[in-house]
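The lines below spell out each chain.
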Amino acid sequence: MKSRRSQASVRVFSVAAPFLALILVISSFSVSAESDISYSISGVENSKLKENIRIHLNNLDVEKSLLSDPYWQDEVSETVATAVQPFGYYNSETSITVNGESAVKVSVSLNAPLTVNKVTREIIGAGRIDEEFRKRFNAFKLKQGDVLNQPVYESFKSSMFNYALSHGYFDFFWQATRLDLVREEKQANILLIAQSGPQYHFGELKIVGDDKAKAIISRLRPFKPGDPYSASVLNDFNRSLNQAGYFSRVIARPVVSDAEGLQVPIEVSLLHRPSDSFNVALGAATDTGPRISLGWERPWVNSRGHSINADIFVSQPEQSVSADYRIPMKNITRDYISFETGYQFIEYSNTSFESETLSLSAHRYWQEDNSPWQQDGSITYLRETFDQGALDTNTTSLVLPGYSITYRNKDGELDFNNGLYFQVLGQVGREDAGSDIDFAKAVVEGMFITTFNDVHRLTIRGELGAIKASSFSDVPTSLRFYAGGDQSVRGFDFRDISPKAELFNPGTGDFDIESIGGKYLLTSSVEYAYRLADNWRVAAFVDAGTASNTTDAELTYSVGPGLHWLSPIGPVRIYIARGFAPDEAKWNFHLLIGPEI
């Protein structure tokens, strides 16, 4: 039962509470109305030390009217002393000068600091014979004669503890740590004794959930039972699992409490992706107009990780359907066999070109771990029926062994500051090996992007290609070279730059001068962009190039301004281009959505 005094106190508090709240509100307004106190600090050269003093002073809650109060000035001196002590200065002196209503000059004399007299370090346990553990432990920065720096001392203790856990020393603890300050002699002694305990090792995998992925997970595992535990290796395992494309959620973690001896089991908790998934993608570009893509994927065809996907693509000039059956090899995400088939119909409104293509191909992709290089060995069967105006309709079949090597590296996904892309592609076909003509094609293309001071962005790209054929008129138009368009020579329509011919246009009933494709390709571009704000850049560019049947053809050029919007779905780039050909000049508008590389 409460006493009368306590009951009275409660009644008084309940009555006074509204008035107290009002007083607090008024006080808060008065404090916020006060001008901030400005501190100028002199006598300290070290930027970290100076910033620490400033942080401590800014945490003082004092009104302007108290600036000249000796008690308050003593409090400032004590605050400065507290701020400099972690850096070894235990004998500092501070003088204070008040200028005006809210300016305070703080003059600090650090005086002689404490220096490290003796550092005693020792490892007890298995870490003592672990060379890397010993190397990390002996990397303690403070040595005899150094100025005492307590943040370094505290940071080392934390980082050593984290290092031990990440390398399998789960029983690690600091058996003794001590920092002895001998202020009279301006010295400090440091003691660090680590009990590492034993080093644990990777154990067996334990799968939580449907275990049909057991074979795939085992192939992705970058360690084997008995290997020393490493958090970085386990992180690589988690990254591979998430990139494999089979799981909607997956995580691998050590279960130390279930360790058998020094073997720590790795528990893999997973949730498989749906048996079938569908997606719809909408887009637009000035070359193709609006476009829609419908996709279907079955990530699990069988327990060996085979997968299949299919896509339907529709735009004004192009309609296609394709399917891809993928068989993973050693590295699930980078090393696989792909069987692809596709049908494509293309009709460009600005030319008399039509083509109908059926293709079947087998690819063997491989890429080393942590390497930006990907290789692709392939064989493709291509049957294309093409019609260019008054030319007779041609049907050409080709069997094309091919090889490409691609380098791709960038420091981001949708938006990045630096990137490099490079690809070399070659295909050949022989009349005596299933093709209607002798055919060889080689293409080299690349792009380099770099950013200076986070605002100046330079993009350089180029493409070089050549075709050699026993009968060039029988080369499918889809394999010939054209230039012009959003990602070629801006200022010209898509495929507008190439050898021309007078062809009958069935849409108009007239004979038009049309592009028919060339044997050689050369394009290049230089673009500069300046970041105006976080999500906006302005740009200017120069493009040059040609597609021709000779190696000495005149180049076409284009110049113009651009605007980049870094949207949540990727960069949106808009350009207005002025194109200059040997016999004409024209304006064109270009819109691109998505990253360059």
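Reference entry: report on the structure contained in this document. (Residues numbered from 1 in each chain as written. Predicted model: local features only at pLDDT ≥ 70, side-chain atom pairs only at ≥ 80, totals over all residues. Heavy atoms only, no water.)

**Here's the deal with the pattern of salt bridges**
Reasoning step 1: Under the definition given, this model contains 17 salt bridges.
Reasoning step 2: The residue lysine 157 makes a salt bridge to glutamate 154 at a minimum N-O spacing of 3.5 Å. With lysine 157 and glutamate 154 both in helix α5 (residues 150–166), this residue pair falls three residues apart, about one helical turn.
Reasoning step 3: Glutamate 154 gets classed as partly exposed once you look at its relative accessible area, which sits at 39%.
Reasoning step 4: The salt bridge partner of arginine 457 is glutamate 596, with a shortest N-O separation of 2.9 Å. Here glutamate 596 lies in the segment after β27 (584–593) and arginine 457 lies in strand β20 (residues 456–469), a separation of 139 residues in the sequence. For the pair arginine 457 and glutamate 596, one class covers both residues: buried.
Reasoning step 5: One salt-bridge network, held together by shared partners, links Arg461, Arg490, Glu527 and Asp543. (Salt bridge = Lys/Arg side-chain N within 4 Å of Asp/Glu carboxyl O. Helix = DSSP H or I, 4+ residues; strand = E, 2+ residues; numbered from the N terminus. Buried < 20%, exposed > 50% of the residue type's maximum accessible area, 1.4 Å probe, protein only.)

**Considerations on the sheet that holds strand β3 (residues 103–109)**
Reasoning step 1: The strand order across the open sheet formed by three strands is β1-β3-β2, and the pairing between neighbours is mixed. The open sheet has two edge strands with one neighbour each: β1 (38–42) and β2 (93–99). Pairwise comparison of adjacent strand axes, ignoring direction, gives a mean angle of 20 degrees for this sheet.
Reasoning step 2: Relative to β3, β1 runs parallel, the two being bridged by five bridges. Across the sheet, residue isoleucine 41 finds its bridge partner in β3, namely valine 106.
Reasoning step 3: Contacts from helix α2 (residues 47–58) reach β1 and β3 within the one sheet, and its direction differs from that of β1 by about 150 degrees. (Pairing = 2+ DSSP bridges. Axes fitted to C-alpha atoms, helices over the stretch in contact; angles between N-to-C directions. Contact = heavy atoms within 4.5 Å.)

**So, α2**
Reasoning step 1: Helix length check: α2 (twelve residues) gives 16 Å between terminal C-alpha atoms against 16 Å at 1.5 Å per residue, within 8%.
Reasoning step 2: Those residues of α2 that sit buried are Leu49, Asn52, Ile53 and Leu57. Viewed end-on, α2 has its buried residues packed into an arc of 135 degrees, placing them on one side of the element. Of the exposed residues in α2, those oriented more than 90 degrees away from the buried face are Ser47 and Lys48.
Reasoning step 3: The inward-facing, buried residues of α2 abut β1, α3 (70–84) and β3.
Reasoning step 4: Backbone nitrogen of lysine 48 and a side-chain oxygen of the N-cap are separated by 2.9 Å at the start of α2; the cap is asparagine 46. (Expected span 1.5 Å × (residues − 1). Arc of directions from axis to C-beta. Polar contact = N/O pair within 3.5 Å; in protein donor to acceptor, adjacent residues only side chain to side chain.)

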